[in-house]
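Remarks on the overall topology
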Amino acid sequence: MLSLGISSTIHRNKSIMAYLTKFKHTGSVISSSNQFGAKMFAVAAGFFQQYVRGVFVGTGSGVVAQYFIQANIPFVYVEKHPAFVRQFHERFGAHTPLLAKDFFTLPLDDSSGGLANCLIVSCMPVTGPFYSERLVEQFRDALNSGSTIVQMSYTPFVRQVRLFERLQKEGFLIERKGSVLMNIPPASVFVLRKS
Ligand SMILES: C[S@@+](CC[C@H](N)C(=O)[O-])C[C@H]1O[C@@H](n2cnc3c(N)ncnc32)[C@H](O)[C@@H]1O
C-alpha cells in the first residue's frame, strides 16, 4: 500500500517535471500543454459529424494543432506570425494546408479557409488588447453563417470574457466545456454556437 503511494507520487512528480521543462521551443513560458491540446480535440470531435471541413486559427507552436492533423474532417490551418508559419511547415510538412493569413481577412463563405458552414477551432487570443469590435463582428458573422467555434481561453469563466458576454447578449450560446490546470497558464475550452 505504502509503496504504491510512493510510486504514484514519484510518477506524478516526474510528469510535472517533464511538463515544466518542455516549453515546446516557443521561447515563452506561455504554451499549451499536450493535455490541453487533447482536450480541445475531444471537444471539437463532438462536432465532426455536423461539418465537412474545419478551420484552425492560431497554430502557434503546434501543440494543439498536432491533434487535428489526423482528424475525421479536413482542417485548413491559419497563422499570421511568419515564425510560427515556418515552424508549422517544418513540423507538419508543406502538404499540410496552412494559410499565412490574418483571421480578419478570411472570407465569410464556403471556400477553403472561408468561415461559413464549418467548425472553427481557435487558439487565437480574444481577451484584453485582443478584444475589438471587429472581433465581435467576425465571430458573429461566422456563427450566423452556420459555423460553430471552439475557442481556447486563459480566462476560466464566460462572464470574464467580454467577447462572450457581448455574443450572449445577442442570443448566442456560449458554454465552457472544460478546463485544464496542467497548462501555463491554466486554460479553458469554450463552444460558441447559434442557439
Ligand atoms: C496563444 S498562441 C497559440 C497557442 C498554441 N496552442 C500554442 O501552444 O502555441 C496564439 C496564436 O494565434 C496567432 N494569432 C493571433 N492573432 C491571429 C490572427 N488574427 N490571425 C491568425 N493568427 C493569429 C498568434 O500568432 C499565435 O501563434
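Here's what I pulled together on the structure shown here. (Residues numbered from 1 in each chain as written. Predicted model: local features only at pLDDT ≥ 70, side-chain atom pairs only at ≥ 80, totals over all residues.)

1. Here's the deal with the site of the ligand
Taken together, 20 residues sit near the ligand, with Ser 32, Gly 58, Gly 60, Ser 61 and Phe 103 positioned nearest. Grouping the amino acids of the shell around the ligand by side-chain chemistry returns ten nonpolar, seven polar and three charged. (Near = placed C-beta within 6 Å. Nonpolar A, V, L, I, M, F, W, Y, C, P; charged D, E, K, R; others polar.)

2. As for helix H5 (residues 162-169)
Taken residue by residue, H5 has Leu 163, Phe 164 and Leu 167 as its buried positions. Seen from one end, H5 has its buried residues packed into an arc of 95°, which puts them on one side. Summarising the contacts, the buried residues of H5 are in contact with helix H4 (133-144), strand E6 (172-180) and strand E7 (187-194). Residue Gly 171 follows H5 closely and has a positive phi angle near 100°. (Buried ≥ 20, exposed ≤ 12 C-beta atoms within 10 Å, placed from the backbone. Helix = DSSP H or I, 4+ residues; strand = E, 2+ residues; numbered from the N terminus. Arc of directions from axis to C-beta. Contact = placed C-beta atoms within 7 Å.)

3. Notes on unusual backbone geometry
Of note, the bond from Ile 184 into Pro 185 is cis; its omega dihedral lies within 30 degrees of zero at -10°. Within the secondary structure, Pro 185 is located in the loop between E6 and E7. For Asn 117, which is not glycine, the phi dihedral falls at a positive 50°. Mapped onto the elements of the fold, Asn 117 is located in the loop between strand E3 (98-99) and strand E4 (119-122). Asn 117 gets classed as partly exposed once you count the C-beta atoms within 10 Å, which come to 17.

4. What about the pairing of strand E5 (residues 148-153)?
Counting buried positions along E5 yields six of six residues, so the element is predominantly enclosed. In E5, alternate side chains face the same way, and those of Thr 148, Val 150 and Met 152 on one face and Ile 149, Gln 151 and Ser 153 on the other are all buried. Where E4 and E5 come together, four bridges link them in parallel fashion. Within E5, the position partnered with Ser 122 by the bridge is Gln 151. For the crossover that starts at E4, traverses H4 and ends in the parallel E5, the hand is right-handed. Here E5 runs beside E7; their pairing, made up of five bridges, is antiparallel. Looking across to E7, one finds that Met 152 is bridged to Val 189. (Pairing = 2+ DSSP bridges. Right-handed = clockwise from strand over helix to strand, strands pointing away.)

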